[in-house]
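Coordinate analysis (summary)
What follows is the residue order along each chain.
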Amino acid sequence: MNISIPLYCPRCRSESIKKNGKKSYCKTNYRCKECGRQFIGDHNLTNKGCHSEADSQIQLMVTRRCGIRDICAITGYSRGKVQAAIVRSKCVHKPKKHYYSELEIDEFHTFIGNKKNKVWLQYAYERESGEIVAFVWGKRDLETALALKAELKRLNITYGRVVTDHWESFAKAFSDCEHVKGKAFTVGIEGNNCRLRHRCTRAIRRSCCFSKRKFYHFKVFDLVFQYVNKCNEKRLKNRQHTF
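Here is a short report on the structure shown in this document. This structure is a prediction, so every number in the text was calculated from the model and none was measured. Each chain carries its own residue numbering, running from 1 in the written order of its sequence. The model is predicted, so local features are restricted to residues of pLDDT at least 70 and side-chain atom pairs to those at 80 or more, both for listing and for counting; the totals for chains, interfaces and linings are taken over all residues. Just so you know, side-chain values use all the structure's heavy atoms and leave hydrogens and water out.

Turning our eyes to something else, we now look at the overall build of the protein. Each helix is a run of H or I in the DSSP string that is no shorter than four residues. Each strand is a run of E no shorter than two, and both are numbered from the N terminus. Tallying secondary structure elements over the protein gives 7 helices and 8 strands in all. Overall, the protein is about 70 × 45 × 30 Å in size when its C-alpha atoms are taken along their principal axes. Buried residues in the protein amount to 43% of all 243 residues. It only takes one pair of heavy atoms within 4.5 Å for two residues to be counted as in contact. Counting only contacts in the protein whose residues sit at least 6 apart along the sequence, the fraction spanning at least 24 positions is 52%. The Shrake-Rupley method, run with a 1.4 Å probe, gives the accessible areas here. Residue values count only the displayed protein chains as cover. Of the roughly 14,400 Å² of accessible surface on the protein, a fraction of 51% belongs to carbon and sulfur atoms. With 49 positive and 23 negative side-chain charges, the protein shows a separation of 10 Å between the mean positions of the two kinds. Throughout, exposure labels follow a simple rule: accessible area from a 1.4 Å probe, protein chains only, divided by the maximum for the residue type, with under 20% read as buried, over 50% as exposed, and the rest as partly exposed. All tallies of charge rest on Lys and Arg as positive and Asp and Glu as negative; His and the ends of each chain are not included. Here the site of a charge means NZ on Lys, CZ on Arg, CG on Asp, or CD on Glu.

Quick look at the pairing of strand E5 (residues 114-126) now. When DSSP locates at least two bridges between a pair of strands, those strands are taken to pair. As defined by bridge partners, strand E4 (residues 99-112) adjoins E5 across 9 bridges and the pair is classed as antiparallel. By the bridge assignment, Ile-105 is partnered in E5 with Ala-124. Counted along the chain from E4 to the antiparallel partner E5, the turn is 1 residue long, and its residue Gly-113 has a positive phi close to 85°. In textbook terms, the turn of a hairpin is the stretch between consecutive antiparallel strands, and for E5 and strand E6 (residues 131-138) this stretch comprises 4 residues, one of which, Gly-130, has a positive phi near 75°.

With that out of the way, let us pick up the packing of aromatic side chains. Centres within 6.5 Å make a pair out of two Phe, Tyr or Trp rings, where for Trp the six-membered ring is used; the pair is then stacked when the planes are under 30 degrees apart, edge-to-face when over 60, and tilted otherwise. Under the defined criterion, the tally for this structure stands at 8 aromatic pairs. Ring plane angle 90° and centroid distance 4.9 Å describe the contact between Trp-167 and Phe-170, whose orientation is recorded as edge-to-face. Of the two residues, Trp-167 and Phe-170, neither departs from the other in class, the shared state being buried. Through pairs of rings, three or more aromatic residues link up here, namely Phe-135, Trp-137, Phe-218, Phe-221 and Phe-225. Our definition puts a charge over a ring when NZ of Lys or CZ of Arg is within 6 Å of the ring centre and also within 35 degrees of the ring normal. Here the guanidinium or amino end of Arg-140 rests over the ring plane of Trp-167, the centre of that ring lying 4.5 Å away.

What follows is the structure in structure tokens.
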């Protein structure tokens, strides 16, 4: 019986590889013809953490409501490996459009270090596509609301009108545009808040899982935002193919 195992470069994902001798511990060494990376096949690895799919697996589990210790217990990876995979994640937030007819804006709190240290997330959301358009971190004050408005401007985003609740800081920050206030108009973003809490343990109000440092906290939420946007994009494509 012949068993074939697909091999590809862990750096550039190319399938154009060749054998390149053996390591000192008698394992076959491979070399990528595209980027020159030398590696051992995943099938021949002794250490689980060296697997080429380890980082993507960890990053996916983070977006599926798994904490760092949960990932360690399920996969067998060390805590250092899991944290390193989070650090290596690269998420570049790019809005899909430059003009939105309507943006819903809301805020909710998270914890860093301890439950007394609240860090507030304020973000803009489009209900039609389910896209998280822009977001900022800070306190629950006017300064953070103005920072969100500046972030929308930095991303070259224009909008027809803004929909928020009755919080005064939003009214002051977006006073120069059409502004609709009321909980009845923010159903979309309130539902998205529930989805974020479902996807990330750090967003749950009474969670025992929270980051000790802002760096990891922001990295995890970047992964979650990217995952949510990709899922909504796929959902819209499937809906278009259906009709």
